[in-house]
Amino acid sequence: IREKITLKEGILEHSGSLLLSHIIRVQSPEGVKRITAAKRETVATFLKKVAKEFGFRNNGFSVYVNRNRTGEITASQNKSLHLLKIKHGDMLFLFPSSPAGSSSENMDTSISQGLLRPLGVPPVVEDEIDQYLIKQDGKIYRNRDQQLCRHGPLGKCVHCVPLEPFDEDYLNHLEPPVKHMSFHAYIRKLTGGADKGKFVALENISCKIKSGCEGHPPWPEGICTKCQPSAITLNRQKYRHVDNIMFENHTLADRFLDFWRKTGNQHFGYLYGRYTEHKDIPLGIRAEVAAIYEPPQIGTQNSLELLEDPKAEVVDEIAAKLGLRKVGWIFTDLVSEDTRKGTVRYSRNKDTYFLSAEECITAGNFQNRHPNICRLSPDGHFGSKFVTVMATGGPDNQVHFEGYQVSNQCMALVRDECLLPCRDAPELGYAKESSSEQYVPDVFYKDIDKFGNEITQLARPLPVEYLIIDITTTFPKDPVYTFSISQNPFPIENRDVLGETQDFHSLATYLSQNTSSVFLDVISDFHLLLFLVTNEVMPLQDSISLLLEAVRTRNEELAQTWKKSEQWATIEQLCSTVGVPLSGLHEYGAMGSSTHAASSAMWACQHCTFMNQPGTDHCEMCSLPRT
């Protein structure tokens, strides 16, 4: 009769023979796993089991007896676990090898500042500002309190110990108070503690039915708890991805507002700049605006309509070569109140609304197009750094710039087409109802009733205040100029309605009015550089890289080198044919005065831009008259 015996040490039954086994615990950065091993098992065999259990395909790890990496266990066919005095229930410690010594097949061991990337997250390259802030300490250091501290100058107590960057009491006592901690402070809060955030994963909200559920017919015939998206309760977001928006100088904003001043119509533009550290908030990020690009649009006193922009990709490419990127969008909502005083109406406040539902949906759409790369998200991205700036009237009836973002919950509702604006109430949104074409999860928000009780309301309709995150918008005391500022600037693109066109006539006028001896100062104009690249007569997209590098690095020698190129000489010839006095143009030229004299008699057709020989009254290409 076979007899079954159970011991605490563990006895395995194999074909009537009893073999003694051990359970050895192995702790790694990914957690603790239990390995079953025989008492007389060799160390080499045991290490193979460890590699298989943790997913290693080669020797990309080391196992130690002690946590401080002493007593390394090396692979040996002659030594057994019994000889190493490893007993049942003992804890061993596994440490992955350095990335330089392991192959790409090894377990992901990239550790930065004690943070581990969650399992299954694809490797991503975060923005430079994110990589910089990850390496920072971030703690808020305080001086010794003369009244409360009772220790020496080298000691620390609860009154002077450094605070964490996510300390809400500290943020609330700043002037002005900070309602939202920075995104990197939020990450520090999640990844603090003993586990160092190895189980943290920033999940993006999904409002769509999960695909691949085969237990029932597809929607609307069937749905189950496995594929059904969870209901959403809107909460105030505790963090924000951008903590400050700063325009480099007032001229940048004034030129944008000139369109409204001259037409009375609302206007739209894209903000190009860079992300830098905002030192007023722990681990904060600032969006610095260096230029505003105005795409094709139709504006009225009450509306804006964006048109398709065929130059959008080229503008992004040129901005990237200048060290800039698209960081946000700006629009106006201005109504003149008294033209003699120059005041505007103060219409957006706590009694009306700050952003309309339609503007929130537009902001959410832009933020979804420009996601924030994040290593802690299984999707590789989480939230967005794309900001919204609105020029509107302030309490003093002057133009104020207000900055906003919408929450990640709003981004999800917009991405999955679950949020609609209300026609008669701009301050209210409306969560769509499910239909046969689309399932929409329930959306709730919490409110206070007339008795002071907290109640949960269905978001039909929805106050958009639950979706908005405000961002401080500032101008520096000492203006910064990435691009040169001129008294006679080059015209801005897509302003034909004002009679301001970008052509070689305006280029010749600009060059004749700006006679600075420093060529880099004359050519360092964002709108001028875009014209040189995108004009239809002679686009310089393939030959302007050297000039863009000169503008980015403020290198006059590189600019002088490009000035001597054939491309600039051709541009000069085109400018000399438009009838503008070119008194100062020869100072920039690569060609001699004889060439200018010969080419000045040529003329460009106003209809097809063909260069005609002197002495002709009709265009040789299109046969239309010269005037």
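Conventions and cut-offs
Residues numbered from 1 in each chain as written. Predicted model: local features only at pLDDT ≥ 70, side-chain atom pairs only at ≥ 80, totals over all residues. Heavy atoms only, no water. Helix = DSSP H or I, 4+ residues; strand = E, 2+ residues; numbered from the N terminus. Contact = heavy atoms within 4.5 Å. Phe/Tyr/Trp six-rings, centres within 6.5 Å; stacked < 30°, edge-to-face > 60°. Buried < 20%, exposed > 50% of the residue type's maximum accessible area, 1.4 Å probe, protein only. Polar contact = N/O pair within 3.5 Å; in protein donor to acceptor, adjacent residues only side chain to side chain. 1 Å grid on protein atoms, 1.4 Å probe; cavity = no way out; pocket = protein on both sides within 12 Å on 5 of 7 lines; lining within 4 Å. Points joined across faces, edges and corners; volume = space filled by probe spheres on them. Nonpolar A, V, L, I, M, F, W, Y, C, P; charged D, E, K, R; others polar. Axes fitted to C-alpha atoms, helices over the stretch in contact; angles between N-to-C directions. Parallel < 35°, antiparallel > 145°, perpendicular 65-115°, else oblique. Core = buried A, V, L, I, M, F, W, Y, C linked by side-chain atoms within 4.5 Å. Salt bridge = Lys/Arg side-chain N within 4 Å of Asp/Glu carboxyl O. Pairing = 2+ DSSP bridges. pLDDT = per-residue confidence, 0-100. Arc of directions from axis to C-beta.

As for the overall build of the chain
Helix and strand content of the chain: 15 helices and 31 strands. A separation of at least 24 residues holds for 64% of the contacts in the chain among residues at least 6 apart in sequence.

What about the packing of aromatic side chains?
Using the criterion set out here, one finds 24 aromatic pairs in the structure. A centroid spacing of 5.3 Å and a plane angle of 20 degrees characterise the contact between F247 and F475, whose relative ring orientation is stacked. Placement of the pair is F247 in strand β12 (residues 244-247) and F475 in the loop between β29 (468-474) and α9 (504-513), with a sequence separation of 228 residues. Overall, the relative accessible area of 0% leaves F247 in the buried class. Judged by centre distance (5.5 Å) and plane angle (55 degrees), the rings of F483 and F526 are tilted.

Description of the side chain of R240
Note on placement: R240 falls in strand β11 (residues 239-240). A distance of 3.3 Å separates the side chain of R240 from the side chain of D243, its partner in a polar contact. Beyond its immediate chain neighbours, meaning those up to four positions away, R240 contacts V178, H180, M181, S182, F183, I281, I469, D470 and I471.

Some thoughts on empty space enclosed by the protein
Applying the stated criterion to the full structure yields two cavities of 30 Å³ or more. One number sums up the size of the second largest cavity: a volume of about 30 Å³. Lining the second largest cavity are Y270, Y272, Y293, D309, A312, V315, D316 and K326. Taken together, the elements giving at least two residues each to the lining of the second largest cavity come down to β13 (268-278) and α6 (312-321). Among the residues forming the lining of the second largest cavity, the class breakdown is five nonpolar, no polar and three charged.

Some remarks on the packing of helix α7 (residues 357-369) against helix α8 (residues 408-415)
With their axes 8 Å apart at the nearest point, α7 and α8 run at an angle of 90 degrees to one another. When the axis of α7 is compared with that of α8, the two are roughly perpendicular. Facing C360, I361, G364, N365, Q367 and N368 of α7, the residues of α8 in contact are C410, M411, V414 and R415. Its residues assigned to classes, the contact of α7 with α8 shows five nonpolar, four polar and one charged.

Side note on the nonpolar core
As a rule of thumb, soluble globular proteins bury nonpolar side chains together. By size, the foremost hydrophobic cluster in this structure holds 74 residues, and its most contacted members are L507, I523 and L532. With seven residues, the single largest contributor to this core is helix α11 (residues 526-534). In this structure L507 touches F490, L528, F531, L532, I571 and C575, once residues within four positions along its chain are discounted. Among the nonpolar cores identified, the runner-up in size contains 26 residues, and V242, A253, V344 and F401 belong to it.

Here we look at the pattern of salt bridges
Within the structure shown, the criterion is met by 23 salt bridges. One connected set of salt bridges, linked through shared partners, spans D127, D130, R325 and K385.

Some points on the pairing of strand β25 (residues 428-431)
Residues G429 and A431 point to one face of β25 and are all buried, whereas L428 and Y430, pointing to the other face, are not buried. As defined by bridge partners, strand β24 (residues 419-421) adjoins β25 across three bridges and the pair is classed as antiparallel. Each bridged residue has a counterpart across the sheet, and for L420 the counterpart in β25 is Y430. Hairpin remark: β24 followed by β25, antiparallel, with six residues in the connecting loop. Direction of pairing for β25 relative to strand β28 (residues 462-463): antiparallel, over a ladder of two bridges. What sits directly across from G429, in β28, is L462.

Re the confidence of the model for the chain
Taken residue by residue, the chain gives an average pLDDT of 84. The fraction at 70 or more is 88%. Ignoring residues within four places in sequence, the model shows residues 1-19, a span with pLDDT below 50, making 19 contacts including any to other chains. pLDDT under 50 marks residues 589-600. Its contacts with residues more than four places away, or in other chains, come to 17 contacts.

Some remarks on helix α13 (residues 556-563)
Looking at α13, one finds that the buried residues are A559, W562 and K563. End-on, the buried residues of α13 take up no more than an arc of 105 degrees, which puts them together on one face. Looking at the buried positions of α13, the neighbouring elements they touch are α10 (519-523), α12 (545-553) and α14 (566-575). Its side-chain oxygen at 3.0 Å from the backbone nitrogen of E557, N555 defines the N-terminal cap of α13.

Some details on the packing of α9 against α14
A pair of packed helices is captured by two measures, namely the crossing angle of their axes and the spacing between those axes. With their axes 9 Å apart at the nearest point, α9 and α14 run at an angle of 100 degrees to one another. Judged on the interaxial angle alone, α14 and α9 are roughly perpendicular. In this structure, α9 contributes F504, L507, A508 and L511 to the contact, and α14 contributes W568, I571, L574 and C575. Partitioning the contact of α9 with α14 into residue classes produces eight nonpolar, no polar and no charged.

Points about the sheet that holds strand β17 (residues 325-333)
Taking strand neighbours around the barrel as the criterion, the seven strands line up as β12-β14-β13-β17-β22-β23-β29 in a closed arrangement whose pairing is mixed. Here the strands of the sheet are splayed against their neighbours by 35 degrees on average, with no regard to which way each runs. In terms of strand pairing, β13 meets strand β14 (residues 284-293) through nine bridges, oriented antiparallel. Across the sheet, H278 pairs through a bridge with G284, a residue of β14. Taken strand by strand, helix α5 (residues 250-263) contacts β12, β13, β14, β17, β22 (387-393) and β23 (399-406), and its axis lies near 50 degrees from that of β14.

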